[in-house]
Amino acid sequence: MSYKISEDCISCGACESECPNKAIKEGRDIYEIDTVRCSECIGSFTKPQCSEICPVGAPVPDLSNQESREQLIAKWEQLHPIGETPKA
């Protein structure tokens, strides 16, 4: 599943630069995560970097968008096709 940003977001922007898939953008009132690009950082890190860096814990799993580990790795590979080997 991808992550989403809850209403707890304080729009500090800390998460945007941490996302290896460039899935996070500033929205109207809070930051938003593009579910098409979010791979929970699988392929790049062992933990979702947005939730690791967020001072208020606003990035949370999006339970309405569940994906298997294989689907997340495939998504990462599509976003990083230059021959990088996925981590974690």
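Residues numbered from 1 in each chain as written. Predicted model: local features only at pLDDT ≥ 70, side-chain atom pairs only at ≥ 80, totals over all residues. Heavy atoms only, no water.

Caption draft 1: Spatial organisation of the nonpolar core. Ranked by size, the top nonpolar core spans 14 residues in total, and within it Ile-5, Cys-9, Cys-15, Ile-24, Tyr-31, Ile-33 and Cys-50 carry the most contacts. Of all elements in the fold, only strand 1 (3-5) and strand 3 (31-33) reach the threshold of two or more residues within this core. When sequence neighbours within four positions are dropped, the list of residues in contact with Ile-33 reads Tyr-3, Lys-4, Ile-5, Ala-23, Ile-24, Cys-38 and Cys-50. (Core = buried A, V, L, I, M, F, W, Y, C linked by side-chain atoms within 4.5 Å. Buried < 20%, exposed > 50% of the residue type's maximum accessible area, 1.4 Å probe, protein only. Helix = DSSP H or I, 4+ residues; strand = E, 2+ residues; numbered from the N terminus. Contact = heavy atoms within 4.5 Å.)

Caption draft 2: Helix 2 (residues 69-79), seen in detail. Along helix 2, the positions that sit buried rather than exposed are Leu-72, Lys-75 and Trp-76. Looking straight down helix 2, one finds that the buried residues subtend no more than 100 degrees of arc, so they occupy a single side. Pointing more than 90 degrees away from the buried face of helix 2 are the exposed residues Glu-70 and Gln-78. (Arc of directions from axis to C-beta.)

Caption draft 3: How the structure looks around a negative patch on the surface. Among the surface-exposed residues, Glu-7, Asp-8, Asp-29 and Glu-32 lie close enough to one another that they form a single negatively charged patch. By the element assignment, Glu-32 lies in strand 3. When its relative accessible area of 47% is taken as the criterion, Glu-32 is described as partly exposed. (Patch = residues over 30% accessible without salt bridge, like charges linked within 9 Å, V, L, I, M, F, W, Y side chains within 5 Å. Areas by Shrake-Rupley, 256 points an atom, 1.4 Å probe, with all protein chains shown as cover. Salt bridge = Lys/Arg side-chain N within 4 Å of Asp/Glu carboxyl O. Lys, Arg positive; Asp, Glu negative; His and termini not counted. Charge placed at Lys NZ, Arg CZ, Asp CG, Glu CD.)

So yeah, pure geometry; function would need other evidence.
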